[in-house]
Number of protein chains: 2
Amino acid sequence: MGRITIYEVAKKAGVSVATVSRALNGGRVAPETKAKVLEAIRALGYRPDRMAQTLASGKSRTVGVVIPDSTGPLYGLMLRGLSDALLEHGYGYIGTESRRDPSREAALLDEMLARKVEALVLVGSGIPAQALRQRFPKLPPAVLIEREGQETALPTFQIDNEAAAYRATRLLLEAGHTRIAHIQGLRRAGRERERGYRRALADAGVPLGPMARGDFTEEGGYRAMRALIQSETFTAVFVANDRMALGVYKAAFEAGLTIPDDVSVVGFDDLAFAAYLNPPLTTLRQPAYQLGLEAGQAVLALLAGRTPESKVLPCELVARASVKHKGGVA
Amino acid sequence: MGRITIYEVAKKAGVSVATVSRALNGGRVAPETKAKVLEAIRALGYRPDRMAQTLASGKSRTVGVVIPDSTGPLYGLMLRGLSDALLEHGYGYIGTESRRDPSREAALLDEMLARKVEALVLVGSGIPAQALRQRFPKLPPAVLIEREGQETALPTFQIDNEAAAYRATRLLLEAGHTRIAHIQGLRRAGRERERGYRRALADAGVPLGPMARGDFTEEGGYRAMRALIQSETFTAVFVANDRMALGVYKAAFEAGLTIPDDVSVVGFDDLAFAAYLNPPLTTLRQPAYQLGLEAGQAVLALLAGRTPESKVLPCELVARASVKHKGGVA
DNA sequence: GCTGTTGGTGTAAGCGCTTACACGGAGTGG
DNA sequence: CCACTCCGTGTAAGCGCTTACACCAACAGC
């Protein structure tokens, strides 16, 4: 390609390549020499070759991140937070989606390792940390976001699903509801949310409500709600995520049920559409950006030799009109 | 890091490093030698270092892609299509979001060039191709998706916004509507959709309806619809995207208007929520995955020395319940 | 039997950087 | 005025690969 290399710069500036390198990477260089070098760089339009830098120095200044699904807005936000944290320190990231396929995920890891990432951020990874270390003996420092497994050898950042679900259920309880249904989600997040739901009920001495299994999609929420409506009675439902809540709205409408008059609903995630539903959906806002940011800072810490602490971030309850006080009770 | 290099493999297999390299990259190697090498690689768990490969060969087997916003589900789908196309041929990609900030976009390009991407895929790029070539003299082959500017020196893949909008408006027309409003979108896509709307009206001999400027967000759609309702009369509205349609639903509801009885609405994009709105939203499905796939194939073609053709993909009309035939007319 | 292929392999020269080491000169203290 | 330090710089050895080139069989054709 006839690229301009560090040699051209060195020649033009009348110094050695080592000096150019030092000028660029903060080694000792006399101010005026540095100025000359910088000027030559500017004049030539020189850009260092990352590959060569990485090869020579052993540090790629990039971290690899794998998310389950590049289509989810929450993951996009996480990436944003991550990138914001990393960029400040001259790090970049390369990322791809695993589509929740463990073998695909393993292949991606291979690829990232081959690219010499200095650290890894695994979001919602299905691979247990242990299996990870085994398959990839030379695993670089890693942090997890929303891990699936139990092992926690790695710093982990996640939201407090259980507390948030507890809060959601509590809200329904405080509104006087005593028959509160739950539409369950998938994976760890789903289980934790269910646990919060159960605990809130138990703490309040209210019997467990009916539950239906969902899959985090609109369609799954729709089906679950239909099943619930057909065979159970309840005045409120805590849905494990907003997408399913959409299906719940639809099923309720089709059954002639009015939200929130006949049934109150609270969702989870606070996706963009939640505020614009009819009625606006009460839900729990996930600090996705924050999660990414924290993970990014943790990675940086790890790279600096420090040991970051795992964190559990709270969700914010966003009260809107889909929950109604059940007259008389309370 | 004590990594295993090609030398270890060569020694273990009892051949030279050149032979190992050839065995890996499809050079001439005797079958049995190749078997030995492969076995040694397996035994050692050797992974070639992409950086070194790139540096030595000059080819990185990766393409850079920049999207405007990693939070948009449509872009996620594009990436998926792209990655599916590239992976088949041993290519990978590195991608990031520009957040529609030209200076950020330029910085990203810098970074990708430094990483020696062999080609570029620019989605909704704000930088004119010309300025691009000027700022980056050594620009690798590039393809555009949803370009903003007019210049078309580069292969471009986009959807037929105008035809789709024409179709949408036509649907409203065929349903007997004669006062059809439009909520405009942003950028080229917005302008093209508006043009389709105008043309459909003109072709039908129906006077132009009221228009309000939106910004592709729920809030923008809401405000635009409010303004429209307050000062205009119309029985249908073509909204430039689904997110704004959400705001439209809300504004209509607040104004006591029923969809589709009082006002029919058609959106654009067919996001996941569209089918679950009340009433389900009639909209135009964007072939986002397909767009990514085509772009990926084009990139591969470019890299193979061929010249891919630009393509304009059609959108699919998804008729749902938000459009109602206006009694009597038609 | 000799020259001409051709397939399989090794040797070694880079690719564009970083960095250990060496070196000279200027400044310091005794 | 000498021995030290320290700073700024250059020299050169890699980093882990690819690949042009050379080389050596083995085998064909004449």
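Residues numbered from 1 in each chain as written. Chains lettered and ligands numbered in written order. Predicted model: local features only at pLDDT ≥ 70, side-chain atom pairs only at ≥ 80, totals over all residues. Heavy atoms only, no water.

Okay, the overall build of chain A next. Counting its secondary structure elements, chain A contains 12 helices and 12 strands. For 330 residues, the compact-globule estimate of 2.2 N^0.38 gives 20 Å, and chain A exceeds it by more than 25% at 26 Å. Seen through its C-alpha atoms, chain A measures out along the principal axes to roughly 85 × 40 × 35 Å. Residues classed as buried in chain A amount to 55% of the 330 residues present. Across chain A, every contact between residues at least 6 apart in sequence was considered, and the portion connecting residues at least 24 apart equals 71%. Of the accessible surface of chain A, which amounts to about 14100 Å², a share of 52% is contributed by carbon and sulfur atoms. Here chain A contributes 43 positive and 35 negative side-chain charges, whose respective centroids are spaced 6 Å apart. (Helix = DSSP H or I, 4+ residues; strand = E, 2+ residues; numbered from the N terminus. Rg over C-alpha atoms; globule rule 2.2 N^0.38 Å. Buried < 20%, exposed > 50% of the residue type's maximum accessible area, 1.4 Å probe, protein only. Contact = heavy atoms within 4.5 Å. Areas by Shrake-Rupley, 256 points an atom, 1.4 Å probe, with all protein chains shown as cover. Lys, Arg positive; Asp, Glu negative; His and termini not counted. Charge placed at Lys NZ, Arg CZ, Asp CG, Glu CD.)

All names here are of chain B. Following both chains from N to C, one finds helix α2 (residues 17–25) and helix α3 (residues 31–44) inclined at 95°, their axes separated by 10 Å at the closest point. The angle between α2 and α3 falls in the class roughly perpendicular. Contact residues: α2 offers Thr 19, Val 20, Ala 23 and Leu 24, while α3 offers Thr 33, Lys 34, Val 37, Leu 38 and Ile 41. In terms of residue class, the contact of α2 with α3 is built from six nonpolar, two polar and one charged. (Axes fitted to C-alpha atoms, helices over the stretch in contact; angles between N-to-C directions. Parallel < 35°, antiparallel > 145°, perpendicular 65-115°, else oblique. Nonpolar A, V, L, I, M, F, W, Y, C, P; charged D, E, K, R; others polar.)

This part is about the domain arrangement of chain A. Residue and element names in this part refer to chain A. You can read the domains of chain A as domain 1 (6–48), domain 2 (58–159 + 288–313) and domain 3 (161–286). The C-alpha centroid of domain 3 is placed 31 Å from the C-alpha centroid of domain 2. Of the residues lining the interface, 11 residues belong to domain 2; the matching set on domain 3 comes to nine residues. In total, about 920 Å² of surface goes out of reach between domain 2 and domain 3, with carbon and sulfur atoms giving 43% of it. By the criterion of area lost to domain 3, the three top residues of domain 2 are Leu 74, Glu 148 and Ile 159, representing 58% of everything that side buries. Linking domain 2 with domain 3 are zero salt bridges. Counting across the domain 2 and domain 3 interface gives four residue pairs in polar contact (both at pLDDT 80 or more). Elements supplying a minimum of two residues to the side of domain 2 that touches domain 3: α5 (73–87) and β5 (156–159). A per-class count over the side of domain 2 that touches domain 3 returns four nonpolar, three polar and four charged. (Domains from an automatic or database assignment. Buried area = accessible area lost by both parts, 1.4 Å probe. Salt bridge = Lys/Arg side-chain N within 4 Å of Asp/Glu carboxyl O. Polar contact = N/O pair within 3.5 Å; in protein donor to acceptor, adjacent residues only side chain to side chain.)

The residue B:Ser98 is located in the loop between β2 (92–97) and α6 (102–114) in this model. Note on B:Ser98: relative accessible area 4%, which makes it buried.

This part takes up the side chain of A:Glu294. Residues and elements named next belong to chain A. Along the chain, the position of Glu 294 falls in helix α12 (residues 288–303). According to the relative accessible area criterion, Glu 294 is buried, its value standing at 11%. The contact partners of Glu 294, leaving out residues within four places of it in the chain, are Phe 157, Lys 311 and Leu 313.

A few words on the relation of the copies chain A and chain B. Rotating chain A by 180° about the axis while translating it 0.0 Å along that axis superimposes it on chain B, leaving an RMSD of 0.1 Å. Such a combination of turn and shift is consistent with a two-fold rotation axis. A share of 100% of the interface residues of chain A reappears at the interface of chain B, consistent with the copies meeting face to face through the same patch. (Least-squares fit on C-alpha atoms with pLDDT ≥ 70 in both.)

This part is about the protein's contact with DNA strand C. Not every one of the 26 residues close to DNA strand C is listed here, only the nearest: A:Ile6, A:Ser21, B:Ser16, B:Thr19 and B:Thr33. Backbone sugar and phosphate groups make up 65% of those atoms of DNA strand C lying within 4 Å of the protein. At a separation of 3.3 Å, a base nitrogen of DNA strand C approaches a polar side-chain atom of A:Tyr7. Within the contact set of DNA strand C, a base oxygen lies 3.2 Å away from a backbone nitrogen or oxygen of B:Ala56. Looking at the surface near DNA strand C, the elements that each hand over two or more residues are α1 (6–13), α2 (17–25) and α4 (50–57) of chain A together with α2 and α4 (50–57) of chain B. When grouped by side-chain class, the residues that make up the surface near DNA strand C number 13 nonpolar, eight polar and five charged. (Near = heavy atom within 4 Å.)

All right, on to the protein's contact with DNA strand D then. Around DNA strand D there are 26 residues in total, and A:Thr19, A:Ala30, A:Thr33, B:Ile6 and B:Ser21 lie nearest to it. A:Ala56 is positioned such that a nitrogen or oxygen atom in its backbone is 3.2 Å from a base oxygen of DNA strand D. Between a phosphate oxygen of DNA strand D and a main-chain N or O atom of B:Ile6, the distance comes to 2.8 Å. Elements that contribute at least two residues to the surface near DNA strand D include exactly α2 and α4 of chain A together with α1 (6–13), α2 and α4 of chain B. For the surface near DNA strand D, a count of residues per class yields 13 nonpolar, eight polar and five charged.

Now for the sheet that holds strand β7 (residues 211–213) of chain B. Residue and element names in this part refer to chain B. Strand order in this open sheet of four strands is β7-β6-β8-β9, and the pairing throughout is parallel. Of all the strands in the sheet, the pair left with one neighbour each is β7 and β9 (264–266). Going from strand to strand, the sheet's axes swing by 15° on average, the running direction of each strand aside. Where strand β6 (residues 180–184) meets β7, three bridges bridge the pair, whose relative direction is parallel. Pairing of Ile 183 across the sheet is with Ala 212, part of β7. Most of the contacts of helix α9 (residues 187–204) go to β6, to which it runs at about 165°, and overall it touches β6, β7 and β8 (236–239). Relative to β6, helix α10 (residues 218–231) is tilted by about 145°, and along the sheet it contacts β6, β7 and β8. (Pairing = 2+ DSSP bridges.)

Let us look at the interface of chain A and chain B. Chain A puts 53 residues into the contact, and the matching count from chain B is 53 residues. Buried area between chain A and chain B, both sides added, is near 4700 Å², and the carbon and sulfur share of it is 53%. Looking only at chain A, the three residues that lose the most surface to chain B are A:Met51, A:Arg115 and A:Tyr276, adding up to 17% of its buried area. Counting across the chain A and chain B interface gives 12 salt bridges. A salt bridge links A:Arg50 to B:Glu111; its shortest N-O distance comes to 3.5 Å. At the junction of chain A with chain B, the criterion picks out 18 residue pairs in polar contact (both at pLDDT 80 or more). When residues of the side of chain A that touches chain B are traced back to their parent elements, those giving at least two are α4, α5, β2 (92–97), α6 (102–114), α10 (218–231) and α11 (242–254) of chain A. The greatest single-element share of the side of chain A that touches chain B, amounting to seven residues, is contributed by α5(A).

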